[in-house]
Amino acid sequence: MLLLAIDTSTSAITVAVHDGTRIVATESVVDARAHAEHLTPATGRVLAVAEATPADVTAVVVGTGPGPFTGLRVGLASGHVFGWARQVPVHGLCSLDALAHRLRLDCGEDTPERFLVATDARRKEVYSAVYTCEGQRIHRLGDPRVGRAADLPDDERDLPCVGRGPLLYPHDLPRPLGPLDVDAGALADLAAQRLAAGETLDRPEPLYLRRPDAVPSQPKSVLAARTGNVPS
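Residues numbered from 1 in each chain as written. Predicted model: local features only at pLDDT ≥ 70, side-chain atom pairs only at ≥ 80, totals over all residues. Heavy atoms only, no water.

Q: Tell me about the overall build of the chain, residues and numbers included.
A: Regarding its fold elements, the chain presents seven helices and nine strands. Against the compact-globule benchmark of 17 Å for 232 residues, the chain has a radius of gyration of 19 Å, which places it among compact chains. Seen through its C-alpha atoms, the chain measures out along the principal axes to roughly 70 × 45 × 30 Å. Within the chain, the fraction of its 232 residues that count as buried is 50%. In the chain, 62% of the contacts between residues at least 6 apart in sequence involve partners at least 24 apart. Counting only carbon and sulfur atoms, one obtains 52% of the accessible surface of the chain, whose full area is about 11600 Å². (Helix = DSSP H or I, 4+ residues; strand = E, 2+ residues; numbered from the N terminus. Rg over C-alpha atoms; globule rule 2.2 N^0.38 Å. Buried < 20%, exposed > 50% of the residue type's maximum accessible area, 1.4 Å probe, protein only. Contact = heavy atoms within 4.5 Å. Areas by Shrake-Rupley, 256 points an atom, 1.4 Å probe, with all protein chains shown as cover.)

Structure below.
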């Protein structure tokens, strides 16, 4: 196995290569407004560090978010194109799961039994999910959500929290812990772990959780019909 992992759901543009046993190479660039500019060069660099070429990649895993519309679709589109060009499978994995797994890799046995992951959703909101750690595995409790940090249940806001949520909303999420952004190395390692266990990964489709900020403008004729101002 040589697994290429890509995630652009957070402020980090992150790419990694995993050989089924270990993370061979990983690179992250924090730039919330230049995902497309950084992604292709970073992919080339991690393959070079791994002494591999695109032809050596046997599968792709892409972080599916949740994340802001523009950044998230860059990683997903790149993963789809790479998989199509090389004729290899493309898998999806929740990006919040990857952040939780990064905490498990960093903390080992000191990982909290229960913790929150909260990333920047903009509009003064966060994407969040609660996780438990049991032995070597992390488990998400329920589906990812989007909403104000202040509106999370009190028992969740009191949990140790991974991601940029505590940095943005320290009053509501007062217990920061671990990484701020997704690391593709953790994404790849979690995907490899689940594949080795015979689990089926997600479809490589985005978890937007809400409508994008930018929407196509309506033709004047449609707007006029909706308002009743149709020329006679």
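Q: Let's hear about helix α3 (residues 95–107): which residues, and what values?
A: Between its first and last C-alpha atoms α3 spans 19 Å; for 13 residues at 1.5 Å apiece the expected length is 18 Å, and the two agree. For α3, the buried fraction is high: ten of the 13 residues fall into the buried class. For α3, the set of buried residues is S95, L96, D97, A98, L99, A100, H101, R102, L103 and R104. Looking one or two places after α3, you find G108, whose phi comes out positive at around 60°. (Expected span 1.5 Å × (residues − 1).)

Q: Break down the nonpolar core for me, with residues and values.
A: Core analysis: the largest hydrophobic core is formed by 26 residues, its most contacted members being V61, L93, F115, V117 and Y131. For this core, the elements supplying multiple residues, two or more each, are β1 (3–7), β4 (59–63), α3, β6 (114–122), β7 (125–134) and α6 (184–196). Among all residues touching F115, those that are not within four sequence positions of it are A100, L103, A129, V130, Y131, I138, L159, P160 and V162. V46, A50, V57 and F82 belong to the second-largest nonpolar core, a separate cluster that totals 22 residues. (Core = buried A, V, L, I, M, F, W, Y, C linked by side-chain atoms within 4.5 Å.)

Q: Please provide a residue-by-residue account of the pattern of salt bridges, values included.
A: Here the structure, examined in full by the defined rule, presents 13 salt bridges. Residue R22 pairs with D19 through a salt bridge whose shortest N-O separation is 3.9 Å. In this structure, the salt-bridge partner of R102 is D183, at a minimum N-O distance of 2.6 Å. Here R102 is found in helix α3, whereas its partner D183 is found in the loop between α5 (165–168) and α6, with 81 residues between them in sequence. (Salt bridge = Lys/Arg side-chain N within 4 Å of Asp/Glu carboxyl O.)

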